[in-house]
Amino acid sequence: MGTFKAVVTGACGKVGREMIKGIHNSADIEVVGAVDVINVGQDIGEVMGLKPFGVKVSASLEDFLAEYPVREGLTLVDFTFKKAAEQNIPCALRNGLHVVMGTTGFTTEELEAFGVLAEENKVGALIAPNFSFGAVLMMKAAREISRYLDQAEIIEYHNDKKVDSPSGTAIATAHIIKENAAGNSPVPPNGSLARGAEYDGIRIHSVRLKSLVAHQEILFSGCGELLTIRHDSFSRESFVPGVLMAIRKVSGWTGVKIGLESILE
């Protein structure tokens, strides 16, 4: 029996499968639930081509909770899409589950509403645009670089099935650069659609191709020089260590924390 327990929504998706496998292979976290709209009623282990886990796929989080009434120490891991997470996250928080969410596309106001629910129900939640340690370190580097090089543009690359654009990681990076830019003077807008979209004063170019997973580069321009930093996730397995850390820590506070960097020691 694991010290920590987790239910994964979007369990049969590409990221969900990696979460199930990573959690199952950990020594101290137990997969007790799997939720998806496909493969309902099947053992999630068999769905993944492995030995049975003894965990059946539930059609909804509500269905899972009806069969699994023990909520203490239980964490929801959500890597779905916004429309599904809009239902999953409030349901989890109201039922006393901690939340670790990598689903993106939410506004600041929506995230604040999740925070209110978490506070009211005395549970913790970590919401992060990216659970890769490398991606978080890239953003930390961007924070420092932007203090000295005052122009920047972001190019982010994801699989063509990704719904939101720009990515949550790119948006978070733009905020970091905007807040710390030397002289607070990012690239000015020029209205050209061919150059991508501007977000918070930072130009972001989004690429969507089927062979990609998650990649981002940031170009910083100074006086007669250019500095480029880049991060590549070649597989969704790269998100697992950050998620495992979040599951182990999320019961340690009440309310919502944003970004994996908020729990790095």
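Placed above this text is the structure.
So, here's what we can say about the structure. (Residues numbered from 1 in each chain as written. Predicted model: local features only at pLDDT ≥ 70, side-chain atom pairs only at ≥ 80, totals over all residues. Heavy atoms only, no water.)

### Brief notes about the nonpolar core
Inside soluble globular proteins, nonpolar side chains tend to come together where they are buried.
Next, step 1: One finds Met19, Ile20, Ile23, Ile44, Val77 and Phe131 to be the most contacted residues of the largest nonpolar core, which totals 36 residues.
Next, step 2: Put simply, the parts of the chain that give this core at least two residues each are strand 1 (4-9), helix 1 (14-25), strand 2 (29-35), helix 2 (44-47) and helix 8 (240-249).
Next, step 3: Among the elements that take part in this core, helix 8 stands out by supplying five residues, more than any other.
Next, step 4: Beyond its immediate stretch of four places on either side in the chain, Met19 contacts Val8, Val77, Phe79, Arg236, Phe239, Val240 and Val243.
Next, step 5: Counting 23 residues, the second largest nonpolar core, distinct from the first, contains Val7, Val35, Leu74 and Val123. (Core = buried A, V, L, I, M, F, W, Y, C linked by side-chain atoms within 4.5 Å. Buried < 20%, exposed > 50% of the residue type's maximum accessible area, 1.4 Å probe, protein only. Helix = DSSP H or I, 4+ residues; strand = E, 2+ residues; numbered from the N terminus. Contact = heavy atoms within 4.5 Å.)

### Observations regarding the sheet that holds strand 7 (residues 151-158)
Next, step 1: Pairing is mixed across the open sheet formed by five strands, whose spatial order is 8-9-7-10-11. Of all strands in the sheet, those with a lone pairing partner are strand 8 (197-199) and strand 11 (225-233), marking the two edges. Adjacent strand axes in the sheet meet at a mean angle of 25 degrees, parallel and antiparallel pairs treated alike.
Next, step 2: Looking at chain direction, strand 8 and strand 9 (residues 202-208) are connected through three bridges and run antiparallel. When the bridges of strand 9 are listed, Glu198 appears paired with Arg203. (Pairing = 2+ DSSP bridges. Axes fitted to C-alpha atoms, helices over the stretch in contact; angles between N-to-C directions.)

### Topic: the pairing of strand 9
Next, step 1: Relative to strand 9, strand 7 runs parallel, the two sharing six bridges. Of the residues in strand 9, the one forming a bridge with His158 is Arg208.
Next, step 2: Two successive antiparallel strands, strand 8 and strand 9, enclose a turn made up of two residues, where Asp200 displays a positive phi of approximately 55 degrees.

### Details of the packing of aromatic side chains
Next, step 1: Applying the stated criterion across every chain, the model contains three aromatic pairs.
Next, step 2: Considering the side-chain rings of Phe64 and Tyr68, the 5.3 Å spacing of their centres and the 15 degrees angle between planes classify their relative orientation as stacked.
Next, step 3: The exposure class assigned to Phe64 is buried, which follows from its relative accessible area of 4%.
Next, step 4: Seen from the ring of Tyr157, Arg230 lies directly overhead, with NZ or CZ sitting 5.0 Å from the centre.
Next, step 5: We note Lys257 situated over the ring of Trp253; from NZ or CZ to the ring centre the distance is 4.4 Å. (Phe/Tyr/Trp six-rings, centres within 6.5 Å; stacked < 30°, edge-to-face > 60°. Lys NZ or Arg CZ within 6 Å of the ring centre and 35° of its normal.)

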